[in-house]
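What follows is each chain in one-letter form.
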Amino acid sequence: MRDPYSVLGVAKNASEKDIKSAFRKLAKKYHPDTNADDPTAQARFAEISQAYEILGDKDKRGQFDRGEIDAEGKPKFAGFSGFGGGSGGGGNPFGGRAGAGGFDFRSAGGGGPQGFEFRSGGGGGEGVFSDIFEQAFGGFGGARRGSAGGGARVPTKGEDLRATLKVRLEDTVGEEKVEAIFPSGKRLAIRLPDGVENGQVIRLKGQGQPSVSGGEPGDALVTIEFAEHPRFRVEGRDLVGTVRVPLADAVLGGKVFVQTLGGRVAMNIKPWTDSGRTLRLKGKGLSTKGGGHGDLRVTVEIALPEEGDAELTALMRARRDAAGGET
């Protein structure tokens, strides 16, 4: 295998942060799941992972820099050319191939020939390599499948994406989708669920970042925020507002038009409707989780003619005079 520093494209004095960043970038670029048409991607990804197994762990990186292990994480013994250089074709100076002859070589932290212990094993070649893999990828949230299984790892899930989506009240009752834009630049068109509430978090399964270890992608988490409305305020699933009623309609009764989230609707005004009275339009509020809607409650405001009315003025004067100046 090539020098792990060259594989990750970092200098020998690179910081842990730079090494992790280089690994993440390369792993994402060459992950087999995103390079199905590239037959070399799997081998490149394996090489990148092997390099990070060495450089991503402080102790193993130190051992490599001191020449105690090679680029594949195999120990180097003083007086031998390594596992692959011994006579007899096996490469194991103690006879037979490592992992096949019943021995497992594990670093005991000594740093030289005296720093290794020999453990009897049943083959499989895991030992130190599975430990390196566990340490190197521990920062990604991975875990072993079982303590007795011998180091097999569960693929880690990709990172979640988060965004806050400001919506109009009209959007909550319409059929059109709304678009959420994430800090990464990703855009997702989503349909708001019935009964969506201010501050509610909507989870979009599998719409987050891809996994760098072959696991499931993360999720997209969208926090809903209601924009301030010029005519209504929200109380539960009801909307609250006002309606201006001409004086003649307030006295005689009539029909006025009220603006709702879905457009204008007609409302009947009974004779002698006083200012401050609350009227209710059923089903014209926000949607509910059961598929229904809350109500629209409007408070009556008597509206006098904006430019005045001579006849109305004369009438009111005559009535006051008839009452002896009292109003």
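Everything numeric in this text was worked out from a predicted model, so none of it was measured.

Draft legend 1. Region of the structure containing the overall build of the protein. Helix and strand content of the protein: 8 helices and 15 strands. Pairs at least 24 apart in sequence give 48% of the contacts found in the protein among residues at least 6 apart. Split by element, the accessible area of the protein, about 19,400 Å² in all, is 48% carbon and sulfur.

Draft legend 2. Just the side chain of Arg 61, in detail. With respect to the element layout, Arg 61 can be found in helix α4 (residues 58-65). Although Arg 61 is buried, it makes no salt bridge; Asp 65 carries the closest opposite charge, 4.1 Å away. Once residues lying within four places of it in the same chain are set aside, the contact partners of Arg 61 are Tyr 5, Lys 12, Asn 13, Ala 14, Ser 15, Ile 19, Ile 54 and Leu 55.

Draft legend 3. How the structure looks around the sheet that holds strand β5 (residues 161-167). Reading across the sheet, the 3 strands line up as β5-β9-β8 and stay open at both edges, with mixed pairing between neighbours. Edge positions in the sheet fall to β5 and β8 (201-204), since each has one partner strand and no second. Recorded for the sheet is a direction-independent mean angle of 25° between the axes of neighbouring strands. Bridging between β8 and strand β9 (residues 220-226) involves 4 bridges; their strand directions are antiparallel. Note on β9: the bridge partner recorded for Ile 202 is Val 222.

Draft legend 4. Broad picture of the nonpolar core. Counting 35 residues, the largest nonpolar core has Leu 165, Phe 182, Ile 190, Leu 192, Val 222, Ile 224 and Met 267 as the members making the most contacts within it. Setting aside anything within four residues of it in sequence, one finds Leu 165 in contact with Val 178, Glu 179, Ala 180, Ile 190, Val 222, Thr 223, Ile 224 and Glu 225. The next biggest cluster of nonpolar side chains, apart from the first, holds 21 residues, and it includes Leu 26, Ala 27, Ile 48 and Ile 54.

Draft legend 5. Seen up close, the environment of Val 298. In this structure, Val 298 sits in strand β15 (residues 296-303). Residues within four places of Val 298 in sequence aside, it is in contact with Gly 241, Thr 242, Val 243, Val 258, Met 267, Arg 277, Thr 278 and Leu 279.

Draft legend 6. Layout of the packing of helix α2 (residues 16-30) against helix α3 (residues 41-55). Here α2 crosses α3 at 165°, and the two axes come no closer than 9 Å. For the element pair α2 / α3, the angle class is roughly antiparallel. Considering how the two elements wind past one another, α2 and α3 form a crossing that is left-handed. Counted together, Ile 19, Lys 20, Phe 23, Leu 26, Ala 27 and Tyr 30 of α2 and Ala 41, Arg 44, Phe 45, Ile 48, Ser 49, Tyr 52 and Leu 55 of α3 form the full contact between these two elements. Here the contact of α2 with α3 is composed, by residue class, of 10 nonpolar, 1 polar and 2 charged.

Draft legend 7. Summary view of unusual backbone geometry. The phi dihedral of Trp 272 is positive, around 55°, even though this residue is not glycine. Turning to its location among the elements, Trp 272 is positioned in the loop between β13 (263-269) and β14 (278-281).

Draft legend 8. Layout of helix α8 (residues 310-322). Between the first and last C-alpha of α8 there are 18 Å, a value that for 13 residues agrees with the 18 Å anticipated at 1.5 Å per step. The N-terminus of α8 is capped by Asp 309, whose side-chain oxygen sits 3.1 Å from the backbone nitrogen of Glu 311. Just past α8, the residue Gly 324 takes up positive phi, approximately 80°.

Draft legend 9. Up close: the pattern of salt bridges. Across all of its chains, the model carries 18 salt bridges by this definition. Taking the shortest distance from any N to any O, the salt bridge between Asp 219 and Arg 203 comes out at 2.8 Å. In this pair, Asp 219 is assigned in the loop between β8 and β9 and Arg 203 in strand β8, connecting sequence segments 16 residues apart. Judged by its relative accessible area of 1%, Asp 219 falls in the buried class. The partner of Glu 301 in a salt bridge is Arg 244, with the nearest N and O atoms 3.9 Å apart. Residue Glu 301 is located in strand β15, and its partner Arg 244 is located in strand β11 (residues 238-246); the two are separated by 57 residues in the primary sequence. A network of salt bridges, in which partner residues are shared, links Arg 233, Glu 235, Asp 238, Arg 280, Lys 282, Asp 295 and Arg 297.

Draft legend 10. Seen up close, α4. Three or more residues of α4 are buried, namely Lys 60, Arg 61, Gly 62, Gln 63 and Phe 64. By the N-cap criterion, in which a side-chain oxygen at the helix start approaches the backbone nitrogen of a residue two or three places on, α4 is capped by Asp 57, the distance to Asp 59 being 3.1 Å. Where α4 ends, the next residue or the one after it, Gly 67, has phi of about 80°, a positive value.

Draft legend 11. Expanded view of the pairing of β11. Relative to β11, strand β10 (residues 233-235) runs antiparallel, the two being bridged by 3 bridges. Of the residues in β11, the one forming a bridge with Arg 233 is Val 240. Between β10 and the antiparallel strand that follows it, β11, lie 2 residues; Gly 236 among them carries a positive phi value of about 65°.

Rules used in this analysis
Residues numbered from 1 in each chain as written. Predicted model: local features only at pLDDT ≥ 70, side-chain atom pairs only at ≥ 80, totals over all residues. Heavy atoms only, no water. Helix = DSSP H or I, 4+ residues; strand = E, 2+ residues; numbered from the N terminus. Contact = heavy atoms within 4.5 Å. Areas by Shrake-Rupley, 256 points an atom, 1.4 Å probe, with all protein chains shown as cover. Buried < 20%, exposed > 50% of the residue type's maximum accessible area, 1.4 Å probe, protein only. Lys, Arg positive; Asp, Glu negative; His and termini not counted. Salt bridge = Lys/Arg side-chain N within 4 Å of Asp/Glu carboxyl O. Pairing = 2+ DSSP bridges. Axes fitted to C-alpha atoms, helices over the stretch in contact; angles between N-to-C directions. Core = buried A, V, L, I, M, F, W, Y, C linked by side-chain atoms within 4.5 Å. Parallel < 35°, antiparallel > 145°, perpendicular 65-115°, else oblique. Left-handed = near helix turned anticlockwise from the far one by under 90°. Nonpolar A, V, L, I, M, F, W, Y, C, P; charged D, E, K, R; others polar. Expected span 1.5 Å × (residues − 1). Polar contact = N/O pair within 3.5 Å; in protein donor to acceptor, adjacent residues only side chain to side chain.

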